[in-house]
Amino acid sequence: MRKYVVAVVGATGLVGKEMVNTLEERNFPVKELKLLASERSIGKELTYKGKTIPVEVLTEDSFKGVEIGLFSAGGSISEKFAPVAGTAKCVVIDNTSAFRMDPDVPLVVPEVNPHAVGQYTKRYIIANPNCSTIQMVVALKPIHDVARIKRIVVSTYQSVSGTGKEAVEELESQVRALMSGKPVEVKVYPHQIAFNCLPHIDVFLENGYTKEEMKMVNETKKIMEDPSIEVTATTVRVPVFFAHSESVNIETEKKITAAEVRDLLSRAPGVTVMDDPKKRLYPLAVHAAGKDDTFVGRIREDESITNGINMWVVSDNLRKGAALNAVQIAEILIRDFLK
């Protein structure tokens, strides 16, 4: 099998480290691995397949000879360096929101629209969707194919790791402070996150929604390749370290029963159904953390409308919501398009 020169941009962040781990776990055919980050990471090293690899400073010359670049260093970094990498014929799989809605950049979830990977040639960039969008469309695409989804109402309960390692540290420090009777320090979020829920992820827009909520609205339509799907979202940050949870309500064009949904999803790629209320079995964040699949439970018919389904969807935001999805895209890329 041909092997590839791969670069991970933002290698020292939570997602960057998970990308390196995922490449190793899935035995991706890496010829050479370059770890790139800002000057703050000079002197840092990561381990890959038993070898210690030093982190290099990201520059415009970093992509000579690199064939695939996994980016997760923030939108401004991607905006600057992804086109540079593309010019060097390095295919960028970008985990930020910088290019997701660019009509010349495919937005891909392998279980939903793998064919879209082939559109990378326009800019040599493929966008990795928002973590909350990914897990939702993985669960909804099999239903859409059978019954056609008309409307989605989603509320998310998102872990602090979605913000980054500073947020993980802030939650931990606030819990320790509160349990010790000390005042909490608030730096990353606008309010205390420990023992609290914040209905505020990303910046507020003029329409009253947050940017995170509108990402889910717009990305879902693009990935599902159906702009007629109506989507409304409320995104909430909760005091959980890893894995996002979502309450998803859908209205379908064709009637589909809860039993039919369970059967569909039990056979869907990347989905594990955990749905036995009598045994109190349903997906939890602690189930999903560290796992690759998207977990679905609490599947039931919405009795307030004719063709409605409710479900609870949980997935590890660092894995399927970011690193795993990116590596899966790379696997399709080398299997079907890079020869």
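Residues numbered from 1 in each chain as written. Predicted model: local features only at pLDDT ≥ 70, side-chain atom pairs only at ≥ 80, totals over all residues. Heavy atoms only, no water.

**With respect to the sheet that holds strand 2 (residues 30-37)**
Strand order in the open sheet formed by 7 strands is 3-4-2-1-5-6-7, with mixed pairing between adjacent strands. The open sheet is flanked by strand 3 (45-48) and strand 7 (125-127), the only strands paired with a single partner. When the angles between neighbouring strand axes are averaged without regard to direction, this sheet yields 25°. As paired elements, strand 1 (residues 4-9) and strand 2 share 6 bridges and run parallel to each other. (Pairing = 2+ DSSP bridges. Helix = DSSP H or I, 4+ residues; strand = E, 2+ residues; numbered from the N terminus. Axes fitted to C-alpha atoms, helices over the stretch in contact; angles between N-to-C directions.)

**A look at unusual backbone geometry**
Positive phi, normally seen in glycine, also occurs at K89, with a value near 65°. One can find K89 in the loop between helix 2 (75-87) and strand 6 (91-94). For K89, a relative accessible area of 53% corresponds to the exposed category. Even without being glycine, A243 reaches a positive phi, approximately 90°. Considering the arrangement of structural elements, one finds A243 in the loop between strand 9 (230-237) and strand 10 (244-252). For A243, a relative accessible area of 1% puts it in the buried group. (Buried < 20%, exposed > 50% of the residue type's maximum accessible area, 1.4 Å probe, protein only.)

**A short note on the pattern of salt bridges**
Per the stated rule, a full pass over the model turns up 20 salt bridges. Residues E25 and R319 are paired through a salt bridge, measuring 2.9 Å at the closest nitrogen-oxygen approach. Residue E25 is located in helix 1 (residues 14-25), and its partner R319 is located in helix 8 (residues 319-337); the two are separated by 294 residues in the primary sequence. Here R319 falls in the buried class, since its relative accessible area comes to 10%. Notably, a salt bridge pairs R176 with E172, separated by 3.0 Å at the nearest N-O pair. With R176 and E172 both in helix 4 (residues 165-179) and 4 residues apart, this pair spans about one turn of that helix. Here the residues in one salt-bridge network are E18, E25, D292 and R319, joined through shared partners. (Salt bridge = Lys/Arg side-chain N within 4 Å of Asp/Glu carboxyl O.)

**Let's talk about the nonpolar core**
In terms of nonpolar packing, the biggest core is built from 53 residues, with F63, L140, I152, V248 and M311 touching the most fellow members. Top contributing element to this core by residue count: helix 3 (residues 131-147), with 8 residues. When near neighbours in sequence (up to four residues on either side) are disregarded, V248 contacts M136, L140, I152, V153, V154, I309, N310, M311 and V313. (Core = buried A, V, L, I, M, F, W, Y, C linked by side-chain atoms within 4.5 Å. Contact = heavy atoms within 4.5 Å.)

**Examining the packing of aromatic side chains**
Between two aromatic rings, the relevant description is the distance of the centres plus the angle of the planes. Tallying each qualifying case throughout the model produces 3 aromatic pairs. Aromatic side chains F63 and F71 sit 5.7 Å apart centroid to centroid with 15° between the ring planes, which places their arrangement in the stacked category. There is no split in this pair, since F63 and F71 are both buried. For the ring pair Y120 and Y124, a centre distance of 5.3 Å and an interplane angle of 80° mean the geometry is edge-to-face. (Phe/Tyr/Trp six-rings, centres within 6.5 Å; stacked < 30°, edge-to-face > 60°.)

**Comments concerning the layout of surface pockets**
Each pocket or cavity is described by its volume, and for the largest pocket that value is around 1,300 Å³. If you trace the largest pocket, you find 50 residues lining it, with S72, G74, G162, T163 and G164 closest to the centre. Of all the secondary-structure elements, those providing two or more residues to the lining of the largest pocket are helix 1, helix 2, helix 4, helix 5 (211-224) and helix 8. Each residue belonging to the lining of the largest pocket can be placed in one class, and the counts come to 18 nonpolar, 21 polar and 11 charged. Here the second largest pocket defines a volume of roughly 230 Å³. For the lining of the second largest pocket, the secondary-structure elements that each account for two or more residues are strand 2 and strand 4 (51-57). Taken together, the residues that form the lining of the second largest pocket break down as 6 nonpolar, 1 polar and 5 charged. (1 Å grid on protein atoms, 1.4 Å probe; cavity = no way out; pocket = protein on both sides within 12 Å on 5 of 7 lines; lining within 4 Å. Points joined across faces, edges and corners; volume = space filled by probe spheres on them. Nonpolar A, V, L, I, M, F, W, Y, C, P; charged D, E, K, R; others polar.)

Geometric values such as these leave the question of function open.
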